[in-house]
Amino acid sequence: MDDGQERVDGGGPAESGGPSGATHGGAPADGAAGCAPADGTAVGEVPVGGVPRQSRSGEPTGDVYDWFRRGARLLAQGHPAAAEQLLARAAAAEPHSRSIREALARAQFDAGSYAAALENFRAVALADPADDYAQFGWGVAAARLGDFEASAEHLALAVAMRPEADHYRQALRQTRATLAARAGAYGPLLPGAPGYLAPPAVAEDPAGGSGGAADDTGAGTGAGADDGA
């Protein structure tokens, strides 16, 4: 995700509740011993072509922690599709880990799988309603899917929980602007467009004349003259 990039940059700051440092639901801390991948790839090394290394059986090598660490690194290094493969394996093995599921949602969002990302952000937010980043992710994924009402709701929650986050506020402004534009709050559209608002009628001439508004409506001086004839 472009917004909130600090969440996975080799883990993300611990204060943000990201995968690094703090763990949601049991994912090991990044500094734990014995973290070298079983395939011999150095921690943080991107496999050739960004494709995770596999064993002869076709399974990714290593354990859940390896998949999580390598997936987070791949995501930070710009390989969201490869990261998604590893993180999906990790989430299947540890379905209650919010850290893993949140990282998976981030990879899915960056890979363009917005519906899948929304479901995983939603799962994290429902498990922990105080997770501001999960609410933010839910909101921006909903916006990408065209559900701006839900987007505004969850982005507003994220902003309320973390008002100092500029990217939260910016995303909320964009969603609210879209909703306002859809409602015609920015004035009339081009004539003939759906939702076009006609300009208001011109007021009558202060000198007592009918002005142009009466002529536009068909109820001006001409119609009055006919009535009196």
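Data block above holds the structure.
Overview of the structure. (Residues numbered from 1 in each chain as written. Predicted model: local features only at pLDDT ≥ 70, side-chain atom pairs only at ≥ 80, totals over all residues. Heavy atoms only, no water.)

Considerations on helix H3 (residues 98-110)
At 3.6 residues per turn, the α-helix brings residues three or four places apart onto the same side.
Argument step 1. Its 13 residues place the ends of H3 18 Å apart at the C-alpha level, agreeing with the 18 Å of an ideal helix rising 1.5 Å per residue.
Argument step 2. Counting buried residues along H3, ten of its 13 residues qualify, which places the element largely inside the surrounding structure.
Argument step 3. Among the residues making up H3, those that are buried are Ser99, Ile100, Glu102, Ala103, Leu104, Ala105, Arg106, Ala107, Gln108 and Phe109.
Argument step 4. Along its buried surface, H3 packs onto helix H1 (64-76), helix H2 (80-93), helix H4 (114-127) and helix H5 (132-144).
Argument step 5. Downstream of H3 by one or two residues, Gly112 has phi in the positive range, about 90 degrees. (Helix = DSSP H or I, 4+ residues; strand = E, 2+ residues; numbered from the N terminus. Expected span 1.5 Å × (residues − 1). Buried < 20%, exposed > 50% of the residue type's maximum accessible area, 1.4 Å probe, protein only. Contact = heavy atoms within 4.5 Å.)

Quick notes on H2
Argument step 1. For H2, with 14 residues, the first-to-last C-alpha span of 20 Å sits near the 20 Å given by 1.5 Å per residue.
Argument step 2. Of the surrounding elements, those touching the buried residues of H2 are H1 and H3.

Re the environment of Ala158
Argument step 1. Position of Ala158 relative to the elements: it lies in helix H6 (residues 148-161).
Argument step 2. A residue is classified by how much of its surface remains accessible, and Ala158, at 0% relative accessible area, is buried.
Argument step 3. Once the C-alpha coordinates of Ala158 and Phe136 are considered, the two residues, 22 residues apart in sequence, prove to be 5.4 Å apart.
Argument step 4. Apart from the residues lying within four places of it in its own chain, the contact partners of Ala158 are Asp132, Gln135, Phe136 and Tyr168.

Describing the packing of H6 against helix H7 (residues 166-182)
Argument step 1. Relative to each other, H6 and H7 sit at 150 degrees, their axes nearing to 9 Å. Classified by the angle their axes make, H6 and H7 are roughly antiparallel. Read as a crossing pair, H6 and H7 show a hand that is left-handed. Note on element contacts: H7 touches H6 through Tyr168, Arg169, Ala171, Leu172, Thr175, Arg176, Thr178, Leu179 and Arg182, opposite Phe148, Glu149, Ser151, Ala152, Leu155, Ala156, Ala158 and Val159.
Argument step 2. Of the residues belonging to the contact of H6 with H7, the class tally is ten nonpolar, three polar and four charged. (Axes fitted to C-alpha atoms, helices over the stretch in contact; angles between N-to-C directions. Parallel < 35°, antiparallel > 145°, perpendicular 65-115°, else oblique. Left-handed = near helix turned anticlockwise from the far one by under 90°. Nonpolar A, V, L, I, M, F, W, Y, C, P; charged D, E, K, R; others polar.)

So, to be careful, I would describe these as geometric facts and stop short of saying anything about function.
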